[in-house]
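Remarks on the overall topology
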Amino acid sequence: MARAVMPLSVPPALRTMIDTHCHLDQPVFATDREAVLARSRQAGVREWVVPAIRLEDFPNLVALRAPSLHIALGLHPLFTPSHPADGVARLAQWVERCRPIAMGEIGLDALASHATQPLQQALFDAQLDLARQMRLPLLLHVRKAHDAVLARLRQTAFPYGGIVHAFSGSLQQAHSYIRMGFCLGMGGVVTHAQAVRVRHVAGAVPASSLVLESDAPDLPPSGHRGERNEPCHLPLVVQALSALRQSSPAEIQSITSHNARLVLGLPEKDQN
Ligand SMILES: [Zn+2]
């Protein structure tokens, strides 16, 4: 009897998912990070992007870097009052030395205290400049400030794109980001039936603009409210996207991984 021919490629259903936004460096994962990663791999999520929040986290974050665990460096807008005055200069040194895959997470958050808005804008502008110098895509945190961020991206003709993490804007804003080379991060929010606007956007934008993210430990999916979120829950996000877009879960896994690699400049990997 002839031996079975080995398939040339692994079927798309077994494609590795990439969690494009998870804070695995944070203290809440300090005691069981290996178990979190093991559960994630088991669920098919075998590559992670961990964005930075504050300068003081950088040493720990950089130490976590591995072939499948990529890091981004940046100063988070929600912590604007606590970033040091020379924060961006120090960030520049870290970026020069460590060569992260993206600058993040950076952005504007209009839900934060009003008093921080001018400083947030200055911090965002400075980091946008730095990302351009270093030719890095962005991991954007934007709440109720999409038009301001889009205006800045347009004014500066920012050429390296990136990901709008936990996208929360309108369909029109989504299309504006997509035209400028950005993908939209989809996470636990799309699994909640009451998230009508995000679910509408998730179903309506081109498949080439979607990437997966957990935002662990935050934004847990439906059925896990109140729990610490983990990357192993991404299949629930895939399921929701699959229903919203009438695509198979395998197609969603495949296209979102491909999009993430493209927008972040990650090499295609052998499937494992
Ligand atoms: Zn985040």
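The following refers to the structure shown. (Residues numbered from 1 in each chain as written. Predicted model: local features only at pLDDT ≥ 70, side-chain atom pairs only at ≥ 80, totals over all residues. Heavy atoms only, no water.)

**Things to note about the environment of His224**
Its location among the elements puts His224 in the loop between β8 (210–212) and α8 (234–245). Polar contacts involving the side chain of His224 include one to the side chain of Glu227, which spans 2.9 Å. (Helix = DSSP H or I, 4+ residues; strand = E, 2+ residues; numbered from the N terminus. Polar contact = N/O pair within 3.5 Å; in protein donor to acceptor, adjacent residues only side chain to side chain.)

**Quick notes on the packing of helix α4 (residues 117–134) against helix α5 (residues 146–155)**
Where α4 contacts α5, the axes come no closer than 12 Å and their chain directions differ by 35°. For α4 against α5, the interelement crossing comes out right-handed. Contacts between α4 and α5 pair Gln121, Phe124, Asp125 and Leu128 from the former with Val149, Arg152 and Leu153 from the latter. For the contact of α4 with α5, the class distribution of residues is four nonpolar, one polar and two charged. (Axes fitted to C-alpha atoms, helices over the stretch in contact; angles between N-to-C directions. Left-handed = near helix turned anticlockwise from the far one by under 90°. Contact = heavy atoms within 4.5 Å. Nonpolar A, V, L, I, M, F, W, Y, C, P; charged D, E, K, R; others polar.)

**Observations concerning the coordination of the zinc ion**
Distances from the zinc ion to its protein donors, His21 (NE2), His23 (NE2) and Glu105 (OE), fall within 1.9 to 2.1 Å. Sequence positions of the residues that donate to the zinc ion give the spacing H-x1-H-x81-E. Accessibility classification places His21 together with His23 in one group, the buried group. (Donors = N, O, S within 2.8 Å, 3.2 Å for Na, K, Ca; no water. Buried < 20%, exposed > 50% of the residue type's maximum accessible area, 1.4 Å probe, protein only.)

**Here's the deal with the nonpolar core**
By size, the foremost hydrophobic cluster in this structure holds 62 residues, and its most contacted members are Leu73, Leu138, Leu140, Leu153 and Tyr177. Here this core gets six residues from one element, more than from any other, and that element is α4. Filtering out sequence-adjacent residues up to four positions away, Leu73 remains in contact with Ala52, Phe58, Leu61, Leu91, Trp94, Val95, Cys98, Pro100, Ala102, Met103 and Gly104. Of all hydrophobic cores here, the second largest spans 13 residues; its members include Ile101, Ala102, Cys183 and Val211. (Core = buried A, V, L, I, M, F, W, Y, C linked by side-chain atoms within 4.5 Å.)

**Remarks on the sheet that holds strand β7 (residues 182–186)**
Pairing in this open sheet of eight strands is parallel, and the strands run β1-β2-β3-β4-β5-β6-β7-β8 from one edge to the other. One side of each edge strand has no neighbouring strand; the edge strands of this open sheet are β1 (17–19) and β8. Averaged over all pairs of adjacent strands, the angle between their axes in this sheet comes to 30°, without regard to strand direction. Pairing geometry for strand β2 (residues 45–50) and strand β3 (residues 69–73), over three bridges, is parallel. The partner of Trp48 across the bridge, within β3, is Leu69. (Pairing = 2+ DSSP bridges.)

**Description of the environment of Arg135**
Mapped onto the elements, Arg135 comes out in the loop between α4 and β5 (138–143). Residues Arg135 and Met103, spaced 32 residues apart in sequence, show a C-alpha to C-alpha distance of 9.4 Å.

Interpretation note: all reported values are geometric properties and have no functional meaning in isolation.
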